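Chain by chain, the residues run as shown.
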Amino acid sequence: MTTPYSRITGTGSYLPPRRVTNDDLAKELATRGIETSDQWIVERTGIHARHFAAPEVTSSDLGYEAARHALESAGRKASDVDLIIVATSTPDMVFPSSAAILQHKLGIAGCPAFDVQAVCSGFVYALTVADAMIRTGSARCALVVGAEVFSRILDFNDRTTCVLFGDGAGAVVLEASQEPGILASDLHADGKHVGILCVPGHVSGGNVLGTPLLHMDGQAVFKLAVRVLEEAARATLAKAGKTEADIDWLIPHQANIRIMEGTAKKLKLPREKLIVTVNEHGNTSAASIPLALDEAVRSGKVKKGETLMLEGVGGGFTWGAVLLNL
Ligand code: UT7
């Protein structure tokens, strides 16, 4: 049976306990002869701290905790879930998917489970896929998770990138609904920009070839991000027949406060409508949007019935937006 809509019925998130401040990181980098400071990081990015997972903790471990909280807030049991999608660029293994591993950790079996790889746009990609599967009747109760251990792929000899990222997970339960939840989405990719944000290593013959650490041309990413985030938001609003004035909250990918404020400004949204967690989480890639969403819901800021614009942008280059009624 098909239903006209899908709707978020629960949110959850999880941060590993180890909180690393800019000063902590600056001290650690100083031991390598690399200079950075709390002042530089705060001024250029808005980041004050991030969380790093313990070495044995995987994306599916973080995703499991976020999923448990999301199921609890939706009033659902794991056995109600009939689709699992995990957005991650730091999967537990080359294969199988972190989604399959998460499924087993949740104590369920049988439903489809797969990963989506769209880097920092992963969550809006995954949410769009889950929405389509629900609306065509392939699923009724989906768990959509963004989970990352980006600390594993950071080059701690590169101060231009290692101060930006953190670990964490966020999740939503998305269910078939007669009431409108997801109103419209707009996804894009342009592979010609592959080199400006990538982890260029791969596994071959039992060895890692190339560099298995994050490389980014920050300024190129910055310029592209501000442009495409505005375009994706406008395209999504147009598809839904809405305008900027209909947006109660903008929840963009939490990469850099300057990109986020720039996007809000272009959309003529007051700063108060922008949900910000980058200050405490850093950039958690595919986890950043559901983490920010869950924090905003749990703090009572974002309420049921409000209209949210979620926006992702990242490696690929990928970008996209989802407009929804909570
Ligand atoms: O999740 C995917 C999306 N990713 C993003 O959205 C990231 C987008 N890019 C950015 O957020 C920014 O470009 C950065 C935060 C990465 C860099 O900010 P910026 O204002 O573009 O700085 P910059 O690269 O122009 O560097 C300015 C200066 C340079 O020194 P010189 O050449 O002016 O002497 C850098 O070497 O800051 C220096 N610098 C640092 N100094 C202290 C770069 N990193 C650091 C650091 N600490 N950690």
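Within each chain, residues carry numbers counting from 1 in the order of the written sequence. pLDDT decides what is reported in this predicted model: residues at 70 or higher carry local features, side-chain atom pairs at 80 or more are listed and counted, and totals for whole chains, interfaces and linings draw on all residues regardless. Only hydrogens and water are removed before side-chain values are computed, so all heavy atoms of the structure are retained for them.

### Brief notes about the site of the ligand
The criterion, for reference: By convention in these notes, a residue is near a molecule or strand provided one of its non-hydrogen atoms lies within 4 Å of it. Any pair of nitrogen or oxygen atoms within 3.5 Å is treated as a polar contact; in protein, a donor-acceptor pairing is required on top of that, and neighbouring residues in sequence qualify only through side-chain atoms on both sides. Only the protein chains shown count as covering a residue, and every accessible area follows the Shrake-Rupley method with a 1.4 Å probe. The secondary structure listing takes helices from DSSP runs of H or I that are at least 4 residues long and strands from runs of E that are at least 2 residues long, numbered from the N terminus. Classes in brief: Ala, Val, Leu, Ile, Met, Phe, Trp, Tyr, Cys and Pro nonpolar; Asp, Glu, Lys and Arg charged; the others, Gly included, polar. Throughout the structure description, domain borders are defined by an automatic or database domain assignment.
With respect to spatial proximity, 23 residues lie near the ligand, and among them Thr36, Arg159, Gln219, Asn256 and Asn283 are the closest. Within the side chain of Gln219, an N or O atom sits 2.4 Å from an oxygen atom of the ligand. Taking 960 Å² as the accessible area of the ligand by itself, protein coverage stands at 74%. If you list the elements that add at least two residues to the shell around the ligand, you get α2 (38-45), α6 (159-162), α7 (218-240) and α8 (257-266). Tallying contributions element by element places α7 first for the shell around the ligand, with 4 residues. Its residues assigned to classes, the shell around the ligand shows 11 nonpolar, 8 polar and 4 charged. Each of domain 1 (5-177) and domain 2 (182-325) contributes no fewer than three residues to the shell around the ligand.

### Points about unusual backbone geometry
As a rule of thumb, non-glycine residues mostly have phi less than zero, and peptide bonds are mostly trans rather than cis. Threshold: Residue exposure (1.4 Å probe, protein chains only): buried if accessible area is under 20% of the type maximum, exposed if over 50%, otherwise partly exposed.
That bond from Phe95 to Pro96 is cis: its omega, 5°, falls within 30 degrees of zero. Position of Pro96 among the secondary structure elements: in the loop between β4 (83-87) and α4 (98-105). Cis geometry marks the peptide bond from Gly316 to Phe317; its omega dihedral reads 0°. Phi at Val119 takes a positive value of approximately 50°, unusual for a residue other than glycine. The topology assignment puts Val119 in the loop between β5 (113-116) and α5 (122-135). Positive phi, normally seen in glycine, also occurs at Lys268, with a value near 55°. Assignment of secondary structure puts Lys268 in the loop between α8 and α9 (278-281). The exposure class of Lys268 is exposed, given its relative accessible area of 69%.

### Considerations on the pattern of salt bridges
Cut-off, in case you're wondering: Salt bridges, as used here, are contacts in which a Lys or Arg side-chain nitrogen is within 4 Å of a carboxyl oxygen on Asp or Glu.
Tallying each qualifying case throughout the model produces 15 salt bridges. Where Arg76 meets Asp80, a salt bridge forms, and the shortest distance between an N and an O atom there is 3.9 Å. On the accessibility criterion, Arg76 (34% relative accessible area) is partly exposed. Owing to a relative accessible area of 26%, Asp80 belongs among the partly exposed residues under this scheme. With a shortest N-O distance of 3.1 Å, Arg234 and Glu230 are connected by a salt bridge. Taken together, the residues Arg234 and Glu230, both in helix α7 and 4 residues apart, mark about one turn of the helix. Salt bridges sharing partners connect three or more residues here, namely Glu230, Arg234, Glu244 and Lys266.

### Here we look at the packing of aromatic side chains
The test is simple: The aromatic pairing rule takes the rings of Phe, Tyr and Trp, using the six-membered ring of Trp, and pairs them if the centres are within 6.5 Å, calling planes under 30 degrees apart stacked, those over 60 edge-to-face and the rest tilted.
This structure, assessed with the given rule, holds 3 aromatic pairs. Plain terms: the ring middles of Phe52 and Phe156 are 6.0 Å apart, the flat faces sit at 85° to each other, and that makes the pair edge-to-face. Of this pair, Phe52 sits in the loop between β3 (49-51) and α3 (59-74) while Phe156 sits in the loop between β6 (141-149) and α6, and the two are 104 residues apart along the sequence. Residue Phe52 is classed as buried on the basis of its relative accessible area of 6%. Relative to Trp319, the ring of Phe317 has its centre 6.4 Å away and its plane inclined at 45°; by these criteria the two rings are tilted. Side by side, Phe317 and Trp319 carry an identical accessibility label, which is buried.

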